[in-house]
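Understanding the architecture of this molecule
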2 protein chains.
Amino acid sequence: MATPNQRRKASVAERVYEALKEDIFEFRLIPGDKFSEGDVGTRLNASRTPVREALYRLQREGHVEVLFRSGWKVKPLDFQQMEELYELRITLEREAVHKICGLTEEPETLRALALLWNPDQPSGRASGSAVRALDESFHCELMIAAGNREMVRVHREITDRLRIVRRLDFTRDNRVEATYEEHAAILEALHQGLAHDAAERLTRHIRTSQKAVREITMERIKEAAQAHRSDSQSA
Amino acid sequence: MATPNQRRKASVAERVYEALKEDIFEFRLIPGDKFSEGDVGTRLNASRTPVREALYRLQREGHVEVLFRSGWKVKPLDFQQMEELYELRITLEREAVHKICGLTEEPETLRALALLWNPDQPSGRASGSAVRALDESFHCELMIAAGNREMVRVHREITDRLRIVRRLDFTRDNRVEATYEEHAAILEALHQGLAHDAAERLTRHIRTSQKAVREITMERIKEAAQAHRSDSQSA
DNA sequence: AGTTAGCAACTTGTATACATGTTGGTTGGC
DNA sequence: GCCAACCAACATGTATACAAGTTGCTAACT
C-alpha cells in the first residue's frame, strides 16, 4: 500500500492522494471544510479523474465524505470514533503480544527494537516529530512480528487514521521520556515470555498516550479554527 | 456501506460493483481470470468511469488487482490469507464477547437472537443458503451488541472477504444442526455472564466451521475451474 | 528452424465534454 | 419589509476522447 504501482513513477492520482491527506493531517483543511473536485484539480494541477480517485480512497479511509452533487467535506473529527479506534488498536496489539510469546523463538525484529529503545542510553534519542514516527514503527513492528498480515493491514489503517491526533502526544516532553521507558519494559516482558505482563504494560502504555492526546486535541482544533478564520478575513 | 448514496437510486458504479462482486463470489469469474475495463463495460452496459470506480473498490477489498496498463485479474484465493482472516475474526469476536459481558444489562438484540437460535425448535429452521445468511447476521449482531462501531466495520469487511469460502460450510447438513446448537450455547453462556466460557465456545465454533470450509474449498475450486474450461471449449 | 526486431492491437491512466441534480441569490408579488 | 418561486451557477455522475505503456504476433534475417 505504501508503494505506488510497483515503484513506477508515482501517478497523478497517487500524488493528489498524498497531498490531500497531508492537507487534512496538517489541518490546512479543517474538519468541516467543504470543497469541490474542480477546486482540488486546479490547485494541484490535475484533472478531475485522478482527483476523484484520490477522494474516493480518502472516503473509504474515513477522512472525507461526498455530498450528492453538492461537494465534498472533510469529515469532522469524531471523538467517539477515535476512542473506538484506540480500543480496536489495543485489542489487536494485545493479540499480537500473545502470538509473539507463543512463537518458538524470539523474532530478530524484537532484538533490534530492544537496542533502539534502550532507556539507559538517553543520548541517542530522537525528539519531536521523529519520536512520533519511531513510536508508530515500534507498534507496527510488534504487529509484524506476530505474523498475521491481515492484522498488520488493519492495524496500519488504524494507525493512519489515528495519526491526526496521535502526533500531539509528543508535544509534551515528559511523554517522550515515558515512551522510552514503557517501550523498554514491554520488550523486556516479551523477552522473558511474560505474555500477560507484556499485554498489561502495552495496554497501559496505549491508554496513557490516548489520555494525553485527548487532553491536547480539543484546544489545538480551536487554535487551528481561529487561525483559519483570520486567514479568511485577511484574504 | 450497504446503502448506496443515502438510498438514492443506485448509481451505475454501485450496480457494476455489486454485479462484479457476485460474479467473483459465484465463481463466474475464476481466481486468476484476466479481464479489461472495456469488457466489463460492454457486458454490463456501462462506460469505463463507473467500471473503474467499482474495480478500485474491489481492489481495496482485496478481490481483484490491476496490472499496469495490461488488464485486471481476479486475485487468486490465498489460503494463508483466509486462515489469517479467520484468526482476526476470532480475535474481534472474542473481544466483543468480553465487552458484552461487561455491560450492565443484556442487550435486547441478544434476547431476540436466543429466540431465533432456539435448538429445541428444529421445526422453524432455515436451510441451505438461508442459514449462511443467518449465521453471518448472528456474528454480526454479536459485534454490534458490543458497541464498538469500528470493530463492527472491520468485522463486516472480514465477513465480506470470507463469504466466498464460508458459504461452503452449510453444504453439509450436520453443520446446520451443529450451528444451531453452538449458537444457542454461546448465547446461554453470554446470558449467564460467563465471558470466558462464551469466548471459548465461540472460538471452537468458528474453528470448527473454518476446518469444514478448508476441507470443501479445494475441490470446489477444481470443479469450477473444470466447468470453466468446458465452457471455453464449447464457446 | 530458431531468434529477434518491430509493429499493431489492446490495456490502463488522464483529460474533457455532457447529463443531471442541488443550492443559494434574485426578483417579483404581496 | 418579507416571502416564495424561479433560475443561473455550480456540484457530482457518467461517457468519451486522447496519451502512454505492454504484450504478443509477424516477419525478416541468421
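The structure we're discussing is the one just above.
Heads up: these notes are all about the structure in this document. (Residues numbered from 1 in each chain as written. Chains lettered and ligands numbered in written order. Predicted model: local features only at pLDDT ≥ 70, side-chain atom pairs only at ≥ 80, totals over all residues. Heavy atoms only, no water.)

Description of the relation of the copies chain A and chain B
Rotating chain A by 180° about the axis while translating it 0.0 Å along that axis superimposes it on chain B, leaving an RMSD of 0.1 Å. The two molecules are tied by a two-fold rotation axis, judged by turn and shift. Comparing interface residues between copies, 100% of those in chain A also sit at the interface in chain B, which points to an isologous, same-surface contact. (Least-squares fit on C-alpha atoms with pLDDT ≥ 70 in both. Contact = heavy atoms within 4.5 Å.)

Overview of the sheet that holds strand β2 (residues 64-66) of chain A
Residues and elements named next belong to chain A. Strand order in the open sheet formed by 3 strands is β1-β3-β2, and the pairing between neighbours is antiparallel. Where the open sheet ends on each side, the last strands, each with one partner, are β1 (34-35) and β2. Examined bridge by bridge, β2 and strand β3 (residues 72-74) share 3 bridges and lie antiparallel to one another. Bridge pairing in β3 links Val66 to Trp72. Along the sheet, helix α3 (residues 48-60) makes contact with β1, β2 and β3, crossing β2 at roughly 115°. (Pairing = 2+ DSSP bridges. Helix = DSSP H or I, 4+ residues; strand = E, 2+ residues; numbered from the N terminus. Axes fitted to C-alpha atoms, helices over the stretch in contact; angles between N-to-C directions.)

As for the interface of chain A and chain B
Every contact between the two is made by 30 residues of chain A and, on the other side, 30 residues of chain B. For the pair chain A and chain B, the two sides together bury roughly 2,700 Å², of which 49% comes from carbon and sulfur. Looking only at chain A, the three residues that lose the most surface to chain B are Arg60(A), Glu84(A) and Glu150(A), adding up to 24% of its buried area. Inspection of the chain A/chain B interface yields 14 salt bridges. Here Glu53(B) and Arg52(A) are joined by a salt bridge, their closest N and O atoms 3.8 Å apart. Remark: the boundary between chain A and chain B carries 12 residue pairs in polar contact (both at pLDDT 80 or more). Secondary-structure elements contributing two or more residues to the side of chain A that touches chain B are α3, α4 (79-101) and α7 (149-166) of chain A. With 10 residues, the top contributor of residues to the side of chain A that touches chain B is α4(A). (Buried area = accessible area lost by both parts, 1.4 Å probe. Salt bridge = Lys/Arg side-chain N within 4 Å of Asp/Glu carboxyl O. Polar contact = N/O pair within 3.5 Å; in protein donor to acceptor, adjacent residues only side chain to side chain.)

Quick notes on the side chain of Glu84(A)
Take Glu84(A): it is sitting in helix α4. Assessed through its relative accessible area of 5%, Glu84(A) is described here as buried. Within the local environment of Glu84(A), its side chain forms a polar contact with the side chain of Arg149(B), the two groups lying 3.2 Å apart. Beyond its immediate chain neighbours, meaning those up to four positions away, Glu84(A) contacts Gly147(B), Asn148(B), Arg149(B) and Glu150(B). (Buried < 20%, exposed > 50% of the residue type's maximum accessible area, 1.4 Å probe, protein only.)

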